[in-house]
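If you want the building blocks of each chain, they are given just below.
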Amino acid sequence: MINNRHGGGGHSALMVNAPSERVIFDPAGTFYHPHLPERNDVHFGMSDAAVDFYIDYHARVSWHVVEQTVQVSPEVATLALAKVQAYGAVPKAMCARSISDILRSLPGFEAAPHTMSPKKLMNWFGELQGVTEQKFYDDSPDDNGRLVQAPPLLLAHGGA
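Because the structure is predicted, anything quoted here is derived from the model rather than measured.

1. Brief notes about the overall build of the chain
So, step 1. Looking only at helices and strands, one finds 4 helices and 7 strands in the chain.
So, step 2. N-terminal to C-terminal, the α/β element order of the chain is β-β-β-β-β-α-β-α-α-α-β.
So, step 3. The buried share of the chain, reckoned over its 160 residues, is 44%.
So, step 4. Contacts spanning at least 24 positions in sequence make up 63% of the contacts within the chain whose residues lie at least 6 apart.
So, step 5. When the accessible surface of the chain is split by element, carbon and sulfur atoms take 53% of a total near 8,600 Å².

Right under this line is the structure:
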């Protein structure tokens with residue numbers, strides 16, 4: 001999440017699309033949805049609709065979301081899933097640090113910077129071969145408390 005006023009990084013998260021399931025590791029995050037199980041900052045059941053809701057939760061007048069994607073082998077994705085589940089809950093302000101720790105332990109990502117800066121981590125990741133990037137902007141107000149009363153999501157099994 002990038003601040004629209006000064007361009008600084010505010011938060012990092014890691015989505016893992018493993019063969020068995022898709023999760024978002026939202027270390028030290030505030031995201032919540034009553035129909036998405038969460039344990040130790042790992043959110044399960046991340047269907048396309050759930051991912052859209054996650055992005056909408058974070059994108060607002062003062063922040064935009066930068067989604068960076070890179071394809072990895074099923075084995076690396078399965079290992080990443082195990083690492084995010086084993087990492088444990090993350091204290092405030094340690095989001096980028098926890099993600100850089102996980103990335104550094106995965107084949108192909110060993111050069112990830114050991115950093116607490118979401119923007120530094122984003123910039124490094126963006127330089128990897130094959131990374132695609134998409135930005136999401138929203139003019140909704142900063143108070144996203146209205147999203148706590150989240151609608152139910154269609155949680156598809158399998159391909160979503």
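2. Side note on the layout of surface pockets
So, step 1. Estimates place the volume of the largest pocket at around 920 Å³.
So, step 2. Lining the largest pocket are 33 residues, with A13, L14, M15, Q68 and T69 sitting closest to its centre.
So, step 3. Listing elements by their share of the lining of the largest pocket, those giving two or more residues are β2 (14–17), α1 (48–58), β6 (63–69), α2 (74–87), α3 (95–104) and α4 (118–126).
So, step 4. Of the residues contributing to the lining of the largest pocket, the split by class is 25 nonpolar, 6 polar and 2 charged.

3. Side note on the sheet that holds β6
So, step 1. Taken in spatial order, the 3 strands line up as β1-β6-β7 in an open sheet, and their pairing is antiparallel. The sheet terminates laterally at β1 (2–3) and β7 (132–136), the two strands that pair on one side only.
So, step 2. Sitting on the sheet, α4 is in contact with β1 and β6, with an inclination near 35° to β6.

4. A few points about the packing of aromatic side chains
So, step 1. Going through the model one piece at a time under the given rule, you end up with 6 aromatic pairs.
So, step 2. An aromatic cluster of three or more residues is present, and its members are F31, F53, Y54 and Y57.

5. Points about the nonpolar core
So, step 1. Formed by 26 residues in total, the largest nonpolar core has its most connected members in V16, F25, V84, L103, F109 and W124.
So, step 2. Where this core is concerned, the elements lending two or more residues are β2, β3 (22–25), α2, α3 and α4.
So, step 3. Tallying contributions element by element places α2 first for this core, with 5 residues.
So, step 4. Counting 13 residues, the second-largest nonpolar core is a separate cluster that includes I24, F31, F53 and Y57.

6. Structural notes on the packing of α3 against α4
So, step 1. Axis separation between α3 and α4 bottoms out at 8 Å; the angle between their running directions is 35°. Of the residues in α4, those in contact with C95, A96, I99, S100 and L103 of α3 are P118, L121, W124 and F125.
So, step 2. Of the residues in the contact of α3 with α4, the class split is 8 nonpolar, 1 polar and no charged.

Cut-off values and rules
Residues numbered from 1 in each chain as written. Predicted model: local features only at pLDDT ≥ 70, side-chain atom pairs only at ≥ 80, totals over all residues. Heavy atoms only, no water. Helix = DSSP H or I, 4+ residues; strand = E, 2+ residues; numbered from the N terminus. Buried < 20%, exposed > 50% of the residue type's maximum accessible area, 1.4 Å probe, protein only. Contact = heavy atoms within 4.5 Å. Areas by Shrake-Rupley, 256 points an atom, 1.4 Å probe, with all protein chains shown as cover. 1 Å grid on protein atoms, 1.4 Å probe; cavity = no way out; pocket = protein on both sides within 12 Å on 5 of 7 lines; lining within 4 Å. Points joined across faces, edges and corners; volume = space filled by probe spheres on them. Nonpolar A, V, L, I, M, F, W, Y, C, P; charged D, E, K, R; others polar. Pairing = 2+ DSSP bridges. Axes fitted to C-alpha atoms, helices over the stretch in contact; angles between N-to-C directions. Phe/Tyr/Trp six-rings, centres within 6.5 Å; stacked < 30°, edge-to-face > 60°. Core = buried A, V, L, I, M, F, W, Y, C linked by side-chain atoms within 4.5 Å.

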